[in-house]
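Listed below, chain by chain, are the residues.
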Amino acid sequence: PPHFFFLSYLACLGAIISGKNTLKSQLRPQPRLFMVILGESADDRKSTAISQTANFFRDALTTFKVCLGVGSAEGLQRMFATDNNILLVYDELKAFVGKSKVEGSVLLPCVCTLFESNRYESHTKTRTLILADAHLSILAASTIETYERVWDRGFQDIGMTNRLFIVPGQAKRRFAIPGEISQYETDIMRRDLGHILSTANTRAEFDITPDARELYEAWYLGLEQSVHTKRLDTYAMRFMILLAINNGKTEIDEHVMQDVVDLMDWQLTVRKLHDPIDADSSIAKAEEKIRRTLSTGFRTERELKRAVNYN
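Residues numbered from 1 in each chain as written. Predicted model: local features only at pLDDT ≥ 70, side-chain atom pairs only at ≥ 80, totals over all residues. Heavy atoms only, no water.

**Student:** Explain the pairing of strand E8 (residues 165-168) here, please?
**Tutor:** Along a regular strand, successive side chains alternate from one face of the sheet to the other. The alternating pattern of E8 places Phe-165 and Val-167 and Ile-166 and Pro-168 on opposite faces, both of which are buried. Judged from the 4 bridges that link them, strand E2 (residues 34-39) and E8 form a sheet pairing that is parallel. Bridging from a neighbouring strand, Leu-38 pairs with Pro-168 of E8. (Buried < 20%, exposed > 50% of the residue type's maximum accessible area, 1.4 Å probe, protein only. Helix = DSSP H or I, 4+ residues; strand = E, 2+ residues; numbered from the N terminus. Pairing = 2+ DSSP bridges.)

**Student:** Would you take a moment to explain the nonpolar core for this structure?
**Tutor:** The nonpolar side chains of soluble globular proteins are, as a tendency, buried together. The biggest cluster of nonpolar side chains holds 94 residues, and the ones touching the most others in it are Met-35, Met-160, Phe-239, Met-240 and Met-264. Broken down by element, the residue count for this core peaks at 11 residues, all from helix H10 (residues 232-246). Setting aside chain neighbours within four positions, we find Phe-239 in contact with Leu-7, Leu-10, Leu-33, Met-35, Phe-165, Val-260, Leu-263 and Met-264. (Core = buried A, V, L, I, M, F, W, Y, C linked by side-chain atoms within 4.5 Å. Contact = heavy atoms within 4.5 Å.)

**Student:** What exactly am I supposed to notice about the packing of helix H9 (residues 210-221) against helix H11 (residues 254-274) here?
**Tutor:** Where H9 meets H11, the closest approach of the two axes is 8 Å, and the angle between their N-to-C directions is 15 degrees. In terms of their interaxial angle, H9 and H11 are classed as roughly parallel. For the element pair H9 and H11, the recorded crossing hand is right-handed. Of the residues in H11, those touching H9 at Asp-211, Ala-212, Leu-215, Tyr-216 and Trp-219 are Glu-254, Met-257, Gln-258, Val-261, Met-264 and Asp-265. Residues of the contact of H9 with H11, tallied by class, amount to 7 nonpolar, 1 polar and 3 charged. (Axes fitted to C-alpha atoms, helices over the stretch in contact; angles between N-to-C directions. Parallel < 35°, antiparallel > 145°, perpendicular 65-115°, else oblique. Left-handed = near helix turned anticlockwise from the far one by under 90°. Nonpolar A, V, L, I, M, F, W, Y, C, P; charged D, E, K, R; others polar.)

**Student:** Honestly, the pairing of E2 in this entry has me stumped. Any pointers?
**Tutor:** Burial runs high along E2: 6 of the 6 residues are buried. Burial along E2 is two-sided: Phe-34, Val-36 and Leu-38 facing one way and Met-35, Ile-37 and Gly-39 facing the other are all buried. Of the pairings in the sheet, the one linking E2 to strand E7 (residues 135-143) comprises 6 bridges and is parallel in character. Pairing of Gly-39 across the sheet is with Thr-143, part of E7.

**Student:** Sorry if this is basic, but what is going on with the packing of H10 against H11 here?
**Tutor:** Angle between the axes and distance between the axes: these two values describe a pair of packed helices. Packing of H10 against H11 brings their axes to within 9 Å, and their N-to-C directions diverge by 140 degrees. The orientation of H10 with respect to H11, classified from their angle, is oblique. Crossing hand, H10 versus H11: right-handed. Of the residues in H11, those touching H10 at Leu-232, Tyr-235, Ala-236, Phe-239, Met-240, Leu-243 and Ala-244 are Val-256, Met-257, Asp-259, Val-260, Leu-263, Met-264, Gln-267, Leu-268 and Arg-271. Of the residues in the contact of H10 with H11, the class split is 13 nonpolar, 1 polar and 2 charged.

Spelled out as structure tokens, the structure:
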């Protein structure tokens, strides 16, 4: 799906410019994302979109740092000892969840804290863990089935799931063997990325125009009160910065803000559809998936079976 590449690209861009660009606001948001690409196993090319995008950034920028998974907070500390901006990539989100469940591990509270903060400390009788000026971004892949089932109560109680920006999608087969991207096209993409980063370097703080502010305030004040809307406003401010820079803007205008509002409305819809299912039997879980799927509109029997993983 094309939006897998576009949003993976924004996650990589946010990892680079975090700490350098923000909004003119007391909150000082950082454009870092905790993003999970959702799709069916193999067919939707989740990992392909992530790896191709990350490899492009790594080839284009020597300062772009990618970590392909960590097993503990101490491992994360060692990564940040070499660079302040790290993109943590997981080919399968379940690997992170499994490491976070290890007895005595502080990986989960560490990552949750680093979503909005750049500092984490943990002190015990036998060890001290300190991360300072740490800008963490996450880009992970997961099947929809795993995402809806893998979390336990501890992850939801600490707020890990509402810190994630989820990106579901379905691929359509188009190419049996994709051709190579020419060097000419690669050079164009690198040049465009250079222009975008030059724009980012010229303006550390982005102001919001009056019309854009009015549009955002109307959306924010009209936002429903539910577990699915938690931290949507946080992501809205982060995407304001990313979309403005990506479009070569020097301020957040009404066009950028409308894109942000549309993106947040979409995120609210997919959060409701793919929120981790809390049910006590396999039949109850299947019923809940059917209800969620049909809440988005009419489906044929074939479409419904595919959507709820009938097989």
